[in-house]
Amino acid sequence: MKLALQITARDMPLTDAIETALHAKAEKLTQFFDRIVSCRVVIHAPHRHQHKGKAYHVDIDIHVPGAELIVKREPHVDLYVAIRDAFDAARRQLQSYARRQRNEVKTHDIDVPARVSQLFEHAGYGFITTLDGREIYFHENSVTHGNFKHLRVGAQVHYAEAQGEQGPQASALSTR
């Protein structure tokens, strides 16, 4: 199936070589997810008065069943590097989307009970004490559903343990 690709170039000419490269990169995305509905690529080189050389922006908008994946990367002075980086990011998003569609997303087994023993709200971390008396570190990013601000010392939680750089840590923490 031929991918529906729309290319827009702003503030710069669209050469045959650039267009060929974009078509090849976009077609390669179908290897990672074959149900892409459409793909829109916008390349622009905004004029910068205080900047030496042009910085190329490559934005990609991919429509897939039930979602829209948007890629906006930092500008780069080499157009082909900007294209490569944007399509690499698009590939990663497509692979992640495909894994979610196949229900292959990694889940944590959160069923071990513990209690919050220390909480450092301003620093964004804390410690839990397990049933066997061990103290385990957790970061606010490991608290499910963004409930870190609702945690209190003494609250019962459930956690999944992982090995961190400094020892055991809670990779997922739930208040249920």
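Just so it is clear, the model here is predicted, and its values are computed rather than measured. Numbering of residues starts from 1 in each chain and follows the order in which that chain's sequence is written. Where local features are concerned, this predicted model is filtered to residues with pLDDT of at least 70; where side-chain atom pairs are given and counted, the filter is 80 or more; whole-chain, interface and lining totals use all residues. Heavy atoms from the whole structure form the basis of all side-chain values; hydrogens and water molecules are not counted.

Asker: Give a detailed account of the sheet that holds strand 3 (residues 57–64), specifying residues and quantitative values.
Answerer: By this definition, two strands are paired if DSSP reports at least two bridges between them. Each helix is a run of H or I in the DSSP string that is no shorter than four residues. Each strand is a run of E no shorter than two, and both are numbered from the N terminus. An order of 1-2-3-4 is seen for the 4 strands of this open sheet, with the pairing classed as mixed. Across the chains shown, the open sheet's two edge strands, defined by having one partner strand only, are strand 1 (5–10) and strand 4 (67–72). Taking each pair of neighbouring strands and ignoring which way they run, the sheet shows an average axis angle of 10 degrees. With 6 bridges connecting them, strand 1 and strand 2 (residues 38–44) associate as parallel partners. The partner of Ala 9 across the bridge, within strand 2, is Ile 43. In what follows, a contact means two residues having at least one pair of non-hydrogen atoms within 4.5 Å. Lines fitted to the C-alpha atoms define the axes, with helices restricted to the stretch that makes contact. Angles between their N-to-C directions range from 0 to 180 degrees. Against the sheet, helix 1 (residues 16–29) contacts strand 1, strand 2 and strand 3, and its axis sits at roughly 140 degrees relative to strand 1. Across the face of the sheet, helix 2 (residues 79–101) comes into contact with strand 2, strand 3 and strand 4 while running at roughly 25 degrees to strand 3.

Asker: Could you give me a rundown of the environment of Tyr 80, with the residues and numbers involved?
Answerer: As for its placement among the helices and strands, Tyr 80 is situated in helix 2. On a C-alpha basis, the gap between Tyr 80 and Leu 119 in space is 48 Å, while along the polypeptide they are 39 residues apart. Contacts of Tyr 80, omitting those with residues within four sequence positions, involve Ala 17, Ile 18 and Ala 21.

Asker: Can you break down the packing of aromatic side chains residue by residue, with the values?
Answerer: Stacked, tilted and edge-to-face are the three classes applied to pairs of Phe, Tyr and Trp rings, where Trp contributes its six-membered ring and a pair requires centres within 6.5 Å; stacked means planes under 30 degrees apart, edge-to-face means over 60, and tilted covers the rest. Overall, the coordinates contain 6 aromatic pairs when judged by the stated rule. Judged by centre distance (5.7 Å) and plane angle (35 degrees), the ring pair of Tyr 125 and Tyr 137 falls under tilted. With Tyr 125 in strand 6 (residues 125–130) and Tyr 137 in strand 7 (residues 135–139), this residue pair connects regions lying 12 residues apart in the sequence. We classify Tyr 125 as partly exposed; its relative accessible area is 26%. Look at Phe 138 and Phe 148: their rings are 6.3 Å apart centre to centre, the planes differ by 65 degrees, and that puts the pair in the edge-to-face class. Taken as a pair, Phe 138 in strand 7 and Phe 148 in the loop between strand 7 and strand 8 (156–164) lie far apart in primary sequence, 10 residues in all. Judged by its relative accessible area of 0%, Phe 138 falls in the buried class. Cation placement over rings: the criterion is NZ of Lys or CZ of Arg within 6 Å of the ring centroid and within 35° of the ring normal. One residue, Arg 91, lies across the ring of Phe 32, its end atom 5.9 Å from the ring centre. Here's how the labels work: a residue is buried when its accessible area is under 20% of the maximum for its type, exposed when over 50%, partly exposed in between, all with a 1.4 Å probe on protein chains only.

Asker: Residues and numbers for the pairing of strand 3, please.
Answerer: Of all 8 residues in strand 3, 7 are buried; the element is thus mostly enclosed. Here strand 2 pairs with strand 3 via 7 bridges, running antiparallel. Counted as the bridge partner of Ser 38 is His 63 from strand 3. Inspection of the sheet shows strand 3 paired to strand 4 by 6 bridges, in the antiparallel sense. The residue of strand 4 that forms the bridge with Asp 59 is Lys 72.

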